[in-house]
Amino acid sequence: MINRLLLLLMICACHGSVMAQWALPHISVAHVRTEPRHGAEMSTQVLMGMPLKLVGKTDGDWQEVEMPDGYRGYVISNSLTLIDDRAFSSWRKSPRLFVIADDEVKVHEDAGDGANVVTDVVAGDIMEGELTGEWSRVALPDGRKGWIKSKYVKSIEKVALNDAANEIIRIAKRHIGTPYLWGGLSSKGMDCSGLVKMAFYNTGRILMRDASQQAKTGAPVLRGALTKGDLVFFGNVSGRINHVGIYDCDGYFIESSGRVKRTALADTKGYICSRRILGNEGSAGIVVINNHPWYFSTASVKK
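In this report, the structure presented in the accompanying data block is examined. If you're wondering where the values come from, they're calculated on a predicted model, not measured in any experiment. (Residues numbered from 1 in each chain as written. Predicted model: local features only at pLDDT ≥ 70, side-chain atom pairs only at ≥ 80, totals over all residues. Heavy atoms only, no water.)

1. Here we look at unusual backbone geometry
Condition: Runs of H or I in DSSP of at least four residues are treated as helices and runs of E of at least two as strands, each being numbered from the N terminus. Accessibility here uses a 1.4 Å probe with only protein chains present; expressed as a share of the type maximum, an area under 20% marks a residue as buried, one over 50% as exposed, and anything in between as partly exposed.
The backbone phi angle of Asp250 is positive, close to 55°, even though this residue is not glycine. Looking at the secondary structure, you find Asp250 in the loop between strand E20 (241-247) and strand E21 (252-257). According to the relative accessible area criterion, Asp250 is exposed, its value standing at 68%.

So this is what it looks like as structure tokens:
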């Protein structure tokens, strides 16, 4: 099972990359830029194994991609493994492991902490493999193989949690002190909406990327009725939303502003509105990972 994708990748390579319609990042975190050049703004990031649709190509160095939430941008080609429809279908049917470690961890060549490192991985990365004892054998999207401690991963089918509020808050709190990074959405650095997207993604929910987009999803909730996991939005005097945080409890929310921190809502200026995501999965802009056809061939959501 673990060699199936590698075989299909080799077949695809023999016929040339023109057959490729999809891409899987094969590094832990890959930058997405607004233009196909290194000096362009980093608008977001994609994680290892996140399915990407190829929507355009500038040259051999960059690929224009669409992400599972519909966001688009350019990724350097050497961070991606390009695959055709057949290989992509195989990947969606394969057993895969989803990284749930709070911090960066390693994939090793052999089952043991002293073995050589194959790659680093962060929460949200996806690799082919199945849970087996203390260590699990995995295959990266580019065919590299290794071993990871089983406590750092779970089956991708089990990522989506029914009661996710406490886990979302735990994830957000675990990253308190992490530096702000414009366009970031991993434990290596994140912006405000990146923190939100990361925390929800790690409970199996795909949200829109930007705060202004997230503010249009879910259901409105009054400030006095906020509960754990609700999103609180802020903006300028014109009402333009430019910041978001995750409500915790007792009048506090967790945000990425300079760094990830827990802040009193009453002490924060520019509050505009709140939205409830949990309980509104399946509405516009909120997709449970198990129901997204780019992740599972049995999913019913339209492309």
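2. Some points on the environment of Leu54
Heads up, the condition is: Note on contacts: a residue pair is in contact if any heavy atoms of the two residues lie within 4.5 Å.
Within the secondary structure, Leu54 sits in strand E4 (residues 52-59). On the accessibility criterion, Leu54 (18% relative accessible area) is buried. Leu54 sits 20 residues away from Tyr74 along the chain, and the two C-alpha atoms are 9.9 Å apart. Contact partners of Leu54, with chain neighbours within four places excluded, come to Ala20, Gln21, Trp22, Ala23, Gln63, Glu64, Val65 and Leu82.

3. A closer look at the side chain of Asp248
Test applied: A 3.5 Å cut-off defines polar contacts: any pair of N or O atoms within that distance qualifies, except that in protein one atom must be a possible hydrogen donor and the other a possible acceptor, and neighbouring residues in sequence count only when both atoms are side-chain atoms.
Within the secondary structure, Asp248 is located in the loop between E20 and E21. You can call Asp248 buried: its relative accessible area is 1%. One polar contact links Asp248 to Lys173, side chain to side chain, over a distance of 3.1 Å. At a separation of 2.8 Å, a polar atom in the side chain of Asp248 contacts the side chain of Arg262. Ignoring sequence-local partners within four residues, the contact set of Asp248 consists of Ile169, Lys173, Thr227, Lys228, Phe253 and Arg262.

4. What about the layout of surface pockets?
Formally: Buriedness for pockets is judged along seven lines, at least five of which must meet protein on both sides within 12 Å for an open set on the 1 Å grid over protein atoms alone, while cavities are sets there where a 1.4 Å probe fits but cannot get out, and lining residues have an atom within 4 Å of a point. Grid points are joined across faces, edges and corners, and a volume is the space filled by probe spheres set on the points. Classes in brief: Ala, Val, Leu, Ile, Met, Phe, Trp, Tyr, Cys and Pro nonpolar; Asp, Glu, Lys and Arg charged; the others, Gly included, polar.
Considering only enclosed or pocket space, the largest pocket measures out at about 350 Å³ in volume. Along the wall of the largest pocket there are 19 residues; nearest its centre are Trp182, Ser193, Asp210, Ala211 and Asn242. Those elements that place two or more of their residues in the lining of the largest pocket are helix H4 (192-201), helix H5 (211-214), E20 and E21. For the lining of the largest pocket, the leading source of residues is E20, giving 3 residues. Of the residues that constitute the lining of the largest pocket, the class distribution is 6 nonpolar, 8 polar and 5 charged.

5. Quick notes on the state of the cysteines
For the record, the criterion: By definition, disulfides here are pairs of cysteine sulfur atoms that lie within 2.5 Å.
One pass over the structure, following the stated rule, counts 0 disulfides. In this structure Cys192 is not part of a disulfide, and its nearest cysteine sulfur, from Cys273, lies 13 Å away. On the basis of relative accessibility, which here comes to 8%, the residue Cys192 falls in the buried class. Owing to a relative accessible area of 22%, Cys273 belongs among the partly exposed residues under this scheme.

6. A few points about the sheet that holds strand E23 (residues 271-276)
Our working definition: Paired strands are those between which DSSP finds at least two bridges. To obtain each axis, a line is fitted to C-alpha atoms, and for helices this fit is confined to the stretch in contact; angles are then taken between N-to-C directions over 0 to 180 degrees.
The strand order E18-E23-E19-E20-E21-E22 describes an open sheet built from 6 strands, whose pairing is antiparallel. Both edges of this open sheet fall to strand E18 (219-220) and strand E22 (259-264), since each of them pairs with a single strand only. In the sheet, strand E19 (residues 231-235) pairs with E23 via 4 bridges, with the strands oriented antiparallel. Pairing of Phe234 across the sheet is with Tyr271, part of E23. Contacts from helix H3 (residues 165-174) reach E20, E21 and E22 within the one sheet, and its direction differs from that of E20 by about 110°. Sitting on the sheet, H4 touches E19, E20, E21 and E22, and the angle it makes with E20 is about 40°.

7. Details of the environment of Met208
Inspection of the secondary structure puts Met208 in the loop between strand E17 (205-207) and H5. Each C-alpha atom, one on Met208 and one on Gly70, is 8.0 Å from the other, the two residues being 138 residues apart in sequence. Setting aside residues no more than four positions away along its own chain, Met208 makes contact with Asp69, Lys197, Gln213, Gln214, Thr217 and Gly285.

8. Section: H4
Counting buried residues in H4 gives 10 out of 10 residues, a clear majority hidden from the surface. Among the residues of H4, those classed as buried are Cys192, Ser193, Gly194, Leu195, Val196, Lys197, Met198, Ala199, Phe200 and Tyr201.

9. What about the pairing of E20?
Counting buried positions along E20 gives 6 out of 7 residues, so the element sits mostly inside the fold. As paired strands, E19 and E20 are joined by 5 bridges and run antiparallel to one another. If you follow Gly235 over to E20, its bridge partner there is Ile241. Where E20 meets E21, 2 bridges bridge the pair, whose relative direction is antiparallel.

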